[in-house]
Amino acid sequence: MQIIRTIKDMQVLSRKLRAGHKTIGIVPTMGAFHEGHLSLIRSSKNENDITVVTIFVNPIQFGPSEDFSKYPRDIEGDLSKLSSLGPDIVFLPDDKEMYPNGFAAAVNIGSIGGILCGAARPGHFNGVATVVVKLFNIVMPDNGYFGQKDFQQTVILKKIVTDLDYNVNIIVCPTVREHDGLAMSSRNTYLDHEERKAAPILYKALKLGEEFILSNSEVDASYIKEQIKKYIISEPLANIDYIEIVSVTHLDKVVKIDFPVAICIAVKIGKTRLIDNIIVDRK
Ligand code: AMP
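Scope of this entry: the structure provided in the associated data block. Going along each chain's sequence as written, the residues are numbered from 1 onward. Per-residue local features are limited, in this predicted model, to residues with pLDDT of at least 70; the limit for side-chain atom pairs, both in listing and counting, is 80 or more; totals at the level of whole chains, interfaces and linings are taken over all residues. Derived side-chain values reflect all non-hydrogen atoms in the structure, with water molecules and hydrogen atoms excluded from consideration.

## A word on the overall build of the chain
Consideration 1: Along the chain, the regular secondary structure elements total 10 helices and 9 strands.
Consideration 2: Its C-alpha radius of gyration of 19 Å places the chain within 12% of the 19 Å reference for a compact globule of 283 residues.
Consideration 3: In terms of its C-alpha atoms, the chain occupies a principal-axis envelope of roughly 55 × 40 × 40 Å.
Consideration 4: Looking at the chain as a whole, 54% of its 283 residues qualify as buried.
Consideration 5: Whether two residues are in contact is decided by their heavy atoms: any pair within 4.5 Å suffices. Of the contacts formed within the chain by residues at least 6 apart in sequence, a portion of 72% connects residues at least 24 apart.
Consideration 6: Asp and Glu count as negative and Lys and Arg as positive, but His and the ends of the chain are not part of the count. Note on charges: their place is set at NZ of Lys, CZ of Arg, CG of Asp or CD of Glu. Positive and negative charge centroids in the chain, built from 33 and 34 side chains respectively, lie 1 Å apart. For helices the rule is a DSSP run of H or I covering at least 4 residues; for strands it is a run of E covering at least 2, with both sets numbered from the N terminus onward. In this treatment the radius of gyration is a C-alpha quantity, and the globule benchmark scales as 2.2 Å times the residue count to the 0.38 power. Per-residue accessibility, obtained with a 1.4 Å probe over protein chains only, is compared with the maximum for each type, and a residue is labelled buried under 20%, exposed over 50%, and partly exposed between these values.

So, in structure tokens, the structure goes:
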């Protein structure tokens, strides 16, 4: 496992690999690895000659009052988890390498970045898009591996590769969950004991919504959202940010269920904002 810290070294190596007709899979991450991250790396290793894992806590995707400075970082632990998994390359740039003085360009993904999570996190998805485009230009991958956990992100990245003509397949891997259904997330470490006990309410609420849809797909999406809402507010530690039922291709709000749909939710448990989603298709 080779650790590369500069853009130039990474580009030189990627060019060489591509000239040798090696396929490259990229797994972009912000570190603090859990099983969700590791599952993406395994998929990439299965499907590519070379797997590049990138670890970079991207400052421009955090709002001014968000958790950039306290976001969990554990490079030693991450590298030790990686060494048993064996990706070929870890790209580990620092902030100055990615955003040197004077850096000003940005990818603007338009209105799809202002809905769902984008409504509460203005600029977040432009920040994600900018760093992912940079990583694609640096690593020059054939395939990019992303988790369904961040469903809006995957839809936006698919749009970017289409709109900006990147020859990268966006591969969406299933959400990895704890035994009680809570989607794994680096931010779960913020939860205290009581909050951790309350947090599986997100997944339980999604499963309830799924059950409603599958047993009566004629029903209005607003009725299903109402049932999900009632269920979540029964948990005193939960504070709903949004509950939406959207199309899986463009994230358009659905009025009548038209399969497949995604139920997407964001809920604060105490001070920690958690997101989750489920795709519901015909039985
Ligand atoms: P992050 O380090 O949180 O930016 O996540 C890096 C990648 O891991 C993103 O593509 C996430 O969607 C993915 N990911 C995070 N949590 C999970 C999970 N529980 N299951 C599957 N993928 C995940």
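Next comes the rest of the write-up.
## Regarding the pairing of strand 2 (residues 24-29)
Consideration 1: Burial analysis of strand 2 places 6 of its 6 residues in the buried class, the great majority of the element.
Consideration 2: Alternating residues of strand 2 divide into Ile24, Ile26 and Pro28 and Gly25, Val27 and Thr29, and every residue in both groups is buried.
Consideration 3: Strand pairing is assigned whenever DSSP identifies at least 2 bridges connecting the two strands. Relative to strand 3 (residues 50-55), strand 2 is paired through 6 bridges, and the arrangement is parallel. When the bridges of strand 3 are listed, Ile24 appears paired with Ile50.
Consideration 4: Handedness of a crossover is defined as follows: orient the strands so they point away from the viewer, and if the path from the first strand over the helix to the second runs clockwise, the crossover is right-handed. Read as a crossover between parallel neighbours, the route from strand 2 over helix 2 (residues 35-47) to strand 3 is right-handed.
Consideration 5: Sheet analysis places strand 2 next to strand 5 (residues 143-147), joined by 2 bridges and oriented parallel.

## Some details on the site of the ligand
Consideration 1: Residues in contact with the ligand amount to 17 residues; listed here are only the nearest, Met30, His37, Asp150, Val176 and Met184.
Consideration 2: The backbone of Gly147 places a nitrogen or oxygen atom 3.0 Å from an oxygen atom of the ligand.
Consideration 3: What qualifies as a polar contact is a pair of N or O atoms within 3.5 Å, subject to a donor-acceptor requirement within protein and to the restriction that residues adjacent in sequence count only when both atoms come from side chains. In the environment of the ligand, a nitrogen atom lies 2.8 Å from a nitrogen or oxygen atom belonging to the backbone of Val176.
Consideration 4: Accessible surface area values rest on a Shrake-Rupley calculation with a 1.4 Å probe, where residue burial reflects the displayed protein chains alone. In isolation the ligand has 480 Å² of accessible area, and contact with the protein removes 92% of it.
Consideration 5: Elements represented by at least two residues in the shell around the ligand include exactly strand 2, helix 2 and strand 5.
Consideration 6: A per-element tally of the shell around the ligand places helix 2 first, with 3 residues.
Consideration 7: Broken down by class, the residue content of the shell around the ligand amounts to 8 nonpolar, 7 polar and 2 charged. Residue proximity to a molecule or strand is established when one non-hydrogen atom of the residue lies within 4 Å of it. Residue classes follow a fixed rule: Ala, Val, Leu, Ile, Met, Phe, Trp, Tyr, Cys and Pro count as nonpolar, while Asp, Glu, Lys and Arg count as charged, and any other residue, Gly among them, counts as polar.

## Description of the pairing of strand 5
Consideration 1: With 5 of its 5 residues buried, strand 5 lies for the most part within the structure.
Consideration 2: Side chains Asn143, Tyr145 and Gly147 of strand 5 all project onto a buried face; the interleaved residues Gly144 and Phe146 project onto the opposite face, where all are buried too.
Consideration 3: As for the winding sense of the linkage, the β-α-β connection from strand 5 through helix 7 (residues 151-163) to strand 6 (residues 169-173) is right-handed.

## Section: helix 1 (residues 7-19)
Consideration 1: Take the number of residues in a helix, subtract one, and multiply by 1.5 Å to get its expected span. With 13 residues, helix 1 extends 18 Å between its outermost C-alpha atoms, agreeing within 8% with the 18 Å of an ideal straight helix rising 1.5 Å per residue.
Consideration 2: Listed in full, the buried residues belonging to helix 1 are Ile7, Met10, Leu13, Ser14 and Leu17. For helix 1, the buried positions fall inside an angular range of 135 degrees around the axis, keeping them on one side. Along helix 1, exposed side chains directed more than 90 degrees from the buried face belong to Lys8, Lys16 and Ala19.
Consideration 3: Just past helix 1, the residue His21 takes up positive phi, approximately 60 degrees. The directions from the helix axis to the C-beta atoms form the arc being described.

## Section: the pattern of salt bridges
Consideration 1: What counts as a salt bridge is simple: a side-chain nitrogen of Lys or Arg found within 4 Å of a carboxyl oxygen of Asp or Glu. Per the counting criterion, the structure on display carries 13 salt bridges.
Consideration 2: Linking Glu66 and Arg121 is a salt bridge whose minimum nitrogen-to-oxygen distance equals 2.6 Å. Highlighted residues: Glu66 in the loop between strand 3 and helix 3 (75-85) and Arg121 in the loop between helix 5 (117-120) and helix 6 (124-139), separated in sequence by 55 residues.
Consideration 3: By relative accessible area, which is 26% here, Glu66 ends up partly exposed.
Consideration 4: Measuring nitrogen to oxygen at the nearest pair gives 2.9 Å for the salt bridge that ties Lys159 to Asp163. Of the two residues, Lys159 and Asp163 are both situated in helix 7; the distance of 4 residues between them amounts to about one turn of the helix.

## Focus: the environment of Asp9
Consideration 1: Of note, Asp9 is situated in helix 1.
Consideration 2: Considered as a pair, Asp9 and Ile138 are 129 residues apart in the sequence and their alpha carbons are 9.3 Å apart.

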